[in-house]
Amino acid sequence: METVNKSDFLYLELRKKIAGMSHGDPFPTVRALISEFKVSQPTVEAALKKLKGQNLLCAHVGRGTFVCKPDSPRKKILLLQPDWPARAIVSMIEPFRHAAETQEFDFDVQTYDYRLKLLPLREIQGNPDLILLDSIGAGYISLQNLSVIAKYPVPVLISRTYVPVEGINCICNDNGAAGTFLANYLYRMGHRKIGVLLNEPGDSVSCEFLRRSFSFAASSLLCSIEYLDCGISFGERPDRKIREFARKIADGNYDFSALFAISNYGAAKMYEELRALGVRIPEDLSLLTNGDKPETPGVSTYDISYADYADAVMRLARKILREKNAAPRMIELDAGRFIDRGSVKKRNQTDK
């Protein structure tokens, strides 16, 4: 198991110290830091080297080390995303940038290797006022990562992932409301036998909330549910399993009239595969999904627009920065809308 070493721990503690100081303030000497934190000289020197490399400290021969925090009237937001090349991830960069500029924030983007087990917050460059942690995988919701996030010297706001943990700021769409709406919509359209395509990692908290809310609402309406589980982990594509499921659907191996894809990527791939196999949507099978980032042509969905979501995120960021001692916020945005692209057929109860 990966752990935070002494130098990294000291680095985080020193960043906290810097956060409470002003530009030009003298910084404690190596000897003073050794005494305060009860660590070795190499540990102190390694942490100071990293801080100097990020231009947070400036050393002057014969004078000492000083804090580097040039005054700026604008706060800086750093968007930190995994480098997994998914359109749903990169498509949010420009909406975030525009919303940040509207709120008069400076804005920057950094990426990290999605295969890492620990979030690389200690490798952040520059001196952001808030880190927007967007599209993190379910595997990052671990004790080590949450501890680093909660103790980080500047506020961290997790975006598009619900983290039901005390002390963590997070914001995402209200997947509970989305799942309930979509199940009721299929029921109103006459569907009683429904398939659910699980094309996201099974340990994704947000997707699990969506699955549960959809399944609970559908079951309460006495609809039957059949799961098509792609069984993938974060960083894997469900394409092969979707292709297999599409073939079975085309061969008549399932008894459902509508298929709900847990995310729009799976819906787009299923739509493509089914059409290639001659399955007509919605005449032969109704298809719908949740989310529209990027846009899912041909598939009806429930979503909040790029611009509205990004605007809500940046307004929350401003509140967090203004109210530094306020309790962390966990927000689910119930501002979605149904986008009808004609992929769900209205059925009569006499339909087979």
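Only a predicted model underlies this, so the values are computations on that prediction, with no experimental measurement involved.

Conventions and cut-offs
Residues numbered from 1 in each chain as written. Predicted model: local features only at pLDDT ≥ 70, side-chain atom pairs only at ≥ 80, totals over all residues. Heavy atoms only, no water. Helix = DSSP H or I, 4+ residues; strand = E, 2+ residues; numbered from the N terminus. Buried < 20%, exposed > 50% of the residue type's maximum accessible area, 1.4 Å probe, protein only. Contact = heavy atoms within 4.5 Å. Lys, Arg positive; Asp, Glu negative; His and termini not counted. Charge placed at Lys NZ, Arg CZ, Asp CG, Glu CD. Pairing = 2+ DSSP bridges. Axes fitted to C-alpha atoms, helices over the stretch in contact; angles between N-to-C directions. Core = buried A, V, L, I, M, F, W, Y, C linked by side-chain atoms within 4.5 Å. Polar contact = N/O pair within 3.5 Å; in protein donor to acceptor, adjacent residues only side chain to side chain. Phe/Tyr/Trp six-rings, centres within 6.5 Å; stacked < 30°, edge-to-face > 60°. Disulfide = S-S within 2.5 Å. Parallel < 35°, antiparallel > 145°, perpendicular 65-115°, else oblique. Left-handed = near helix turned anticlockwise from the far one by under 90°. Nonpolar A, V, L, I, M, F, W, Y, C, P; charged D, E, K, R; others polar.

**Q** Quick one: what's the story with the overall build of the chain, residue by residue and with numbers?
**A** Across its full length, the chain holds 11 helices and 14 strands. When its C-alpha atoms are laid out on the principal axes, the chain stretches across 90 × 40 × 35 Å. Taken over 352 residues, the chain has a buried fraction of 49%. Of all intrachain contacts in the chain linking residues separated by at least 6 positions in sequence, the fraction that spans at least 24 positions is 76%. If the 48 positive side-chain charges of the chain are averaged to one point and the 43 negative ones to another, these points end up 3 Å apart.

**Q** If you had to explain the sheet that holds strand β13 (residues 330–333) to someone new, which residues and values would you point to?
**A** A sheet is described by the order of its strands in space; here six strands give the open sequence β4-β3-β5-β6-β7-β13, paired in parallel fashion. Strands with a single pairing partner mark the edges of an open sheet, and in this sheet they are β4 (106–112) and β13. On average, each strand axis in the sheet is tilted by 20° relative to the strand beside it, whichever way the strands run. Taken together, the seven bridges between strand β3 (residues 76–82) and β4 define a ladder with parallel strand orientation. The residue of β4 that forms the bridge with Leu-79 is Val-109. Packing against the sheet, helix α5 (residues 93–102) makes contact with β3, β4, β5 (130–134) and β6 (156–159), and its axis sits at approximately 155° to β4.

**Q** Residues and numbers for the nonpolar core, please.
**A** Ranked by size, the top nonpolar core spans 38 residues in total, and within it Phe-27 and Tyr-152 carry the most contacts. Elements that contribute at least two residues to this core include exactly α1 (6–19), α3 (41–53), β3, β5, α6 (143–151), β6 and β7 (169–173). If you tally residues by element for this core, the top one is α1, at five residues. The residues touching Phe-27, leaving out its near neighbours within four places in the chain, are Leu-14, Lys-17, Ile-18, Met-21, Leu-33, Leu-48, Leu-57, Thr-65, Phe-66 and Val-67.

**Q** Mind laying out the side chain of Gln-81, listing which residues take part and the relevant values?
**A** With respect to the element layout, Gln-81 can be found in strand β3. In terms of polar contacts, Gln-81 uses its side chain to reach the side chain of Asp-134, at 2.8 Å. Apart from residues no more than four positions distant in its own chain, Gln-81 is found in contact with Ile-89, Ile-93, Gln-110, Thr-111, Tyr-112, Asp-134 and Arg-160.

**Q** I'd like to hear about the packing of aromatic side chains, residue by residue, with values.
**A** Under the counting rule described, the total for this entry stands at eight aromatic pairs. For the ring pair Phe-181 and Tyr-302, a centre distance of 5.0 Å and an interplane angle of 35° mean the geometry is tilted. With Phe-181 in helix α7 (residues 175–188) and Tyr-302 in strand β12 (residues 300–303), this residue pair connects regions lying 121 residues apart in the sequence. Relative accessible area serves as the criterion here: at 27%, Phe-181 is assigned to the partly exposed category. Judged by relative accessible area, which is 11%, Tyr-302 ranks as buried.

**Q** Tell me what's going on with the environment of Ile-18, and back it up with residues and numbers.
**A** Mapped onto the secondary structure, Ile-18 falls in helix α1. Sequence-wise, Ile-18 and Thr-111 are 93 residues apart; in three dimensions their C-alpha atoms are separated by 24 Å. With sequence-adjacent residues up to four places away left out, Ile-18 is seen in contact with Phe-27, Leu-51, Leu-56, Leu-57, Val-67 and Lys-69.

**Q** Break down the pairing of strand β2 (residues 64–67) for me, citing the residues and quoting the values.
**A** Alignment of strand β1 (residues 57–60) against β2, held across four bridges, turns out to be antiparallel. Residue pairing across strands places Leu-57 opposite Val-67, the latter belonging to β2. Between β1 and β2, which pair antiparallel and follow one another directly, the connecting turn spans three residues, one of which, Gly-62, has a positive phi of 85°.

**Q** Provide a residue-level description of the state of the cysteines, including the pertinent values.
**A** Within the structure shown, the criterion is met by one disulfide. The disulfide bridge from Cys-58 ends at Cys-68, spanning 1.8 Å between sulfur atoms. Taken as a pair, Cys-58 in strand β1 and Cys-68 in the loop between β2 and β3 lie far apart in primary sequence, 10 residues in all. Note on Cys-172: no disulfide assigned, nearest cysteine sulfur contributed by Cys-170 at a separation of 6.0 Å. What makes Cys-172 buried here is its relative accessible area of 3%. Cys-207 takes part in no disulfide bond, and the closest cysteine sulfur, belonging to Cys-172, lies 10 Å away.

**Q** Describe the packing of helix α9 (residues 239–250) against helix α10 (residues 264–276), naming the residues involved and giving the relevant values.
**A** Taken N-terminus to C-terminus, the directions of α9 and α10 make an angle of 45°; their axes are 9 Å apart at the nearest point. In terms of orientation, α9 lies oblique with respect to α10. Note on packing geometry: the crossing formed by α9 with α10 is right-handed. Contacts between α9 and α10 involve Asp-239, Ile-242, Arg-243, Phe-245, Ala-246 and Ile-249 from the former and Tyr-265, Gly-266, Lys-269, Met-270, Glu-273 and Leu-274 from the latter. Its residues assigned to classes, the contact of α9 with α10 comprises seven nonpolar, one polar and four charged.

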